[in-house]
Amino acid sequence: MHVLVIGANGTTGRMTVKKLAESEQHLVKAMIRKSEQSKEMEDLGARPIIADLEQTFNYAFEDVNAVIFAAGSGPDTGMDKTTAVDRDGAIKAIDYAKEKGIERFIMLSSMGADDPSLAEDSETFHHYLQAKHDADVHLKQSGLNYTIIRPGALTDDGATGKIDVSEEMKHREGEITREDVATILVESILCTNLHHKTIEMVNGDDPIKEALKAI
């Protein structure tokens, strides 16, 4: 697959780019906002393309047949930026992918995005989950061949290679490493059993490949 990673300069995005570039099955295009980030993407093995989620970026979709949306506004940017990136930017990416006939769209969302009201005690987190929710709904209704990835709380620990995963987890208090999420994003591209599915995961007991195939 020729894969476009949106949000390539984020922590999880960089890990995803690296794993794609190391794979013999994929070529990777890394969407970044600043030209000074280009060398790092090239060093990781990707072709950088400069584009801004808050502007027009349909040209980034040329010569790709799969998209991983891993962009996020971050916790310290304010609700306006969350709306612009996590909701509006994602919706534009979905629409561009549909226009270009993209074969596969992998969305990095968040556990809890199915019901943002669960975060009513935190206005900021509720807003974040609502933005993710709106983008996920748009993707489901787009007609694209999608998989929505909803991890638990992200950590910067080393990869474990093992997860608990389900279409709807009963217990959502767990954590998962960013590197394990990056592995899931990459593995999901070619998992045909994940077509048109939303999956939730935390670190657990089952090897990632086997756990994804078993859904």
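Preceding block: the structure.
Residues numbered from 1 in each chain as written. Predicted model: local features only at pLDDT ≥ 70, side-chain atom pairs only at ≥ 80, totals over all residues. Heavy atoms only, no water.

## A closer look at the pairing of strand β1 (residues 2–6)
- Counting buried positions over the five residues of β1 gives four, a clear majority of the element.
- Pairing of β1 with strand β2 (residues 27–32) involves five bridges; the strand directions are parallel. In the sheet register, Ile-6 faces β2, and the bridge partner there is Met-31.
- Between the parallel pair β1 and β2, the chain is carried across by helix α1 (residues 11–22), and the sense of this crossover is right-handed.
- The pairing of β1 with strand β4 (residues 66–69) spans four bridges and is parallel. The residue bridging Val-5 from the neighbouring strand is Ile-68, located in β4. (Buried < 20%, exposed > 50% of the residue type's maximum accessible area, 1.4 Å probe, protein only. Helix = DSSP H or I, 4+ residues; strand = E, 2+ residues; numbered from the N terminus. Pairing = 2+ DSSP bridges. Right-handed = clockwise from strand over helix to strand, strands pointing away.)

## Digging into helix α5 (residues 178–188)
- Across the eleven residues that make up α5, a large majority, eight, are buried.
- Of the residues making up α5, those classed as buried are Asp-180, Val-181, Ala-182, Thr-183, Ile-184, Leu-185, Val-186 and Ser-188.

## Describing the pairing of strand β5 (residues 104–108)
- Of all the five residues making up β5, five are buried; the element is thus mostly covered by neighbouring parts of the structure.
- Taking every second residue as pointing to the same face, both faces of β5 are buried, with Arg-104, Ile-106 and Leu-108 on one and Phe-105 and Met-107 on the other.
- When β4 meets β5, the two strands line up parallel, connected through four bridges. Within β5, the residue paired with Ala-66 across the bridge is Arg-104.
- Note that β5 and strand β6 (residues 146–151) share four bridges and pair parallel. From the neighbouring strand, Ile-106 faces β6, where its bridge partner is Thr-147.
- Taken together, β5, helix α4 (residues 123–140) and β6 constitute a β-α-β crossover, and its handedness is right-handed.

## Thoughts on the sheet that holds β2
- If you trace the nine strands from one edge of the open sheet to the other, you get β3-β2-β1-β4-β5-β6-β10-β8-β11, paired in mixed fashion. The open sheet terminates on both sides in strands that have one partner only, identified here as β3 (47–50) and β11 (206–207).
- Two elements, strand β8 (residues 162–166) and β11, share two bridges in a ladder whose sense is antiparallel. Following the sheet pairing, Ile-163 is matched in β11 by Asp-206.
- Running at roughly 175° to β5, helix α3 (residues 79–100) makes contact with β1, β4 and β5 of the sheet.
- Across the face of the sheet, α4 comes into contact with β5, β6 and β10 (197–203) while running at roughly 160° to β6. (Contact = heavy atoms within 4.5 Å. Axes fitted to C-alpha atoms, helices over the stretch in contact; angles between N-to-C directions.)

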